[in-house]
Amino acid sequence: MTTTPAAPATTLPAERGSCPFAPPPAYDDARRTEPVKRMSLWNGEPCWLVTGYEENRIVLQDRRFSADARNAGFPFLSPGRRQLLTKAQPSFLRLDDPEHARLRRMLTGDFIVKRAQAQQPQVQAIVDDVLDRMLAKGEPADLVRDFALPVPSRVICLLLGVPYADHEFFERTSSVLVDLTTPPDQVKQAQGEIRAYLDELVEAKRRHPDDTLLGKLVARGELSQTECAAMALVLLVAGHETTANMISFGMLALLRNPEQAALLRAEPERIGSAIEELLRYLSVVHFGLPRTTLEDVELGGQLIRAGEGVLCMISAANRDESLFTDPERFDITRDSRRHLAFGFGVHQCVGQPLARVELRSALGTLLRRLPDLRLAVPDDQLEYRTDKAVYGVREMPVLW
Ligand code: HEM
C-alpha cells in the first residue's frame, strides 16, 4: 500500500482521443496502471479517481463512502456544481440512508419494471408522434433537437404531471444546470427560477389532486413542499438529459457501425442486448459519480483518508478488460448486463426501467421507420458535449 502523496498528481482530464465514444485516454491509462489514483480538482482539492470495475463496485455499495454533498471534501466538478448541490434542499441522489431510503421509497412503486412496461404503449405513441413531426418538417432535421430531446421530455412530463407546454423553460434551465462551465451566479438564478416554477406546480397539485406521480406524492402528505419540489426537480433533470443523449449518441454509434445496425434491423429481438451494450459503450454520465469517505479506507492499494473526495469513473469501469473482452469493440451480441452505466448500490438509477423502455422504443422505431437515416454533415463536423455532466453529441443533422 502506498501512502498519500504530498501534492496532487493530476487535474480531471476531459478531452477524448480519436474515438468520441471512448472516455478520455487518461482514464484507460489510469485503470491499467493505478485504478485508484490521486489527482486534484479545479480548486486544488485532492480527489481520488476510481477507474477499475471492481473498485467502482466496492465504492458504490460501501456505506463508508457517502453521497451527501454537504460533507467536507465532497468533490464538486465545478464552482457551479458546488452552488447547485449545496445551496438548496438536497435531492435524495445526494443524501445517505436512512434519509435517502425514506425518499426513494416514495418512488419505487412508480418505477418498477412492470409499471414501466405498462407505459410502453404511451411511450411508443409519443415516439411515433415526435417522429411524424420531425418528418413533416422535412430534411435535414437535427436528431437531437427534433427527436432525442422531445421524446424523454414528453414522457417525463406525462409521468410527473408537468405541463409539456413549459418544456422550453425547463429544458433550457436543466441545460444550464448540467453545464459544468455555468458560473455559480447563473446556476443560482436558474435554480431559483425552476424551484419557483416547481413550488407553484406542487401547490397547484395540492389544490387540485391528480393521479400523476407528482400529484400522488403531494396527496400522500408525507413530504414537505420543499421535498416534493426537490423530488420533481431531480426527476425532471435526471429523467430527460441522460435519456435524450443516449438516444442521439446511441443512434450515432449505430450509424458509425453499420454492420451492427444491419444486424439489429434484421433481428430486432436483439434490441434489449443492443441497449445494454450502448449503455456500456457510451456511458454518458462521464465525469464520475461523486462520493466522500466517512472514515479511512484502503482501496486498490491506496489509503483514502476520511473526508477525501472520490470520483467513480463508470465510463472507464465499463471498459475494464477484466470484465469485457475487447472492450473498445461495439458489439450488440455481447453480454453487457453487468455494466455500471446506471451506477450501482443504493443510488443505482431508480429510472432505469423507464429509460430502457424509452431507448428500446426510440431507437427501435428509428431503425424500423427510417432505413436510410444518415448524417447530413461529414463526421468531423460533429461537436461533442465535453463540458456537460452528461456526454453526447451537441447537434446531429440527419437526412432519411
Ligand atoms: C439512459 C438514461 C439514464 C442514465 C444513463 C442514468 C444514469 C444514472 C446514474 C449513473 C445514477 C447514479 C448516480 C449516483 O450514484 O451518484 C442515476 C441515479 C438516478 N437516476 Fe438515472 N439515468 C438515466 C435515466 C433516468 C430516468 C429516465 C430517470 C427518471 C425518470 C432517472 C432518475 C434517476 C434518479 C432519481 C436517480 C437517483 C437515485 C438514488 O439516488 O437513489 N434516471 N441515474
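Just so you know, these numbers come straight off a predicted model, no measurement behind them.

A. Examining unusual backbone geometry more closely. That bond from Asp 97 to Pro 98 is cis: its omega, 5 degrees, falls within 30 degrees of zero. With respect to the helices and strands, Pro 98 occurs in the loop between α3 (79-86) and α4 (99-108). Pro 140 follows Glu 139 through a cis peptide bond whose omega is -10 degrees. The residue Pro 140 is located in the loop between α6 (120-137) and β4 (141-142) in this model. Of note, the phi angle at Ser 283 is positive, near 35 degrees, even though the residue is not glycine. Relative to the elements of secondary structure, Ser 283 occurs in the loop between α14 (271-282) and β5 (289-293). Given a relative accessible area of 3%, Ser 283 falls into the buried group.

B. The layout of surface pockets, seen in detail. Taken as a whole, the largest pocket spans an internal volume of roughly 350 Å³. Of all elements in the fold, only α7 (143-148), α9 (167-178) and α12 (225-256) reach the threshold of two or more residues within the lining of the largest pocket. No other element matches the five residues that α9 contributes to the lining of the largest pocket. Looking at side-chain class alone, the lining of the largest pocket contains six nonpolar, three polar and 10 charged residues. Size it by volume and the second largest pocket reaches roughly 280 Å³. Taken together, 13 residues line the second largest pocket, and the ones lying closest to its centre are Arg 145, Asp 146, Pro 150, Tyr 164 and His 167. Broken down by secondary-structure element, the contributors of at least two residues to the lining of the second largest pocket are α6, α7, α8 (150-160) and α9. Sort the elements by how many residues they give to the lining of the second largest pocket and α6 lands first, with four residues. Its residues placed into classes, the lining of the second largest pocket shows five nonpolar, one polar and seven charged.

C. Quick peek at the pairing of strand β1 (residues 36-40). Counting buried positions along β1 yields four of five residues, so the element is predominantly enclosed. Summarising the sheet, β1 and strand β2 (residues 46-50) pair through five bridges and their orientation is antiparallel. Across the sheet, the residue bridging to Ser 40 is Pro 46, located in β2. The turn joining β1 and β2, which pair antiparallel and follow one another in sequence, is formed by five residues; a positive phi near 85 degrees is taken by Gly 44.

Thresholds applied
Residues numbered from 1 in each chain as written. Predicted model: local features only at pLDDT ≥ 70, side-chain atom pairs only at ≥ 80, totals over all residues. Heavy atoms only, no water. Helix = DSSP H or I, 4+ residues; strand = E, 2+ residues; numbered from the N terminus. Buried < 20%, exposed > 50% of the residue type's maximum accessible area, 1.4 Å probe, protein only. 1 Å grid on protein atoms, 1.4 Å probe; cavity = no way out; pocket = protein on both sides within 12 Å on 5 of 7 lines; lining within 4 Å. Points joined across faces, edges and corners; volume = space filled by probe spheres on them. Nonpolar A, V, L, I, M, F, W, Y, C, P; charged D, E, K, R; others polar. Pairing = 2+ DSSP bridges.

Keep in mind these numbers describe shape, not what the thing actually does.
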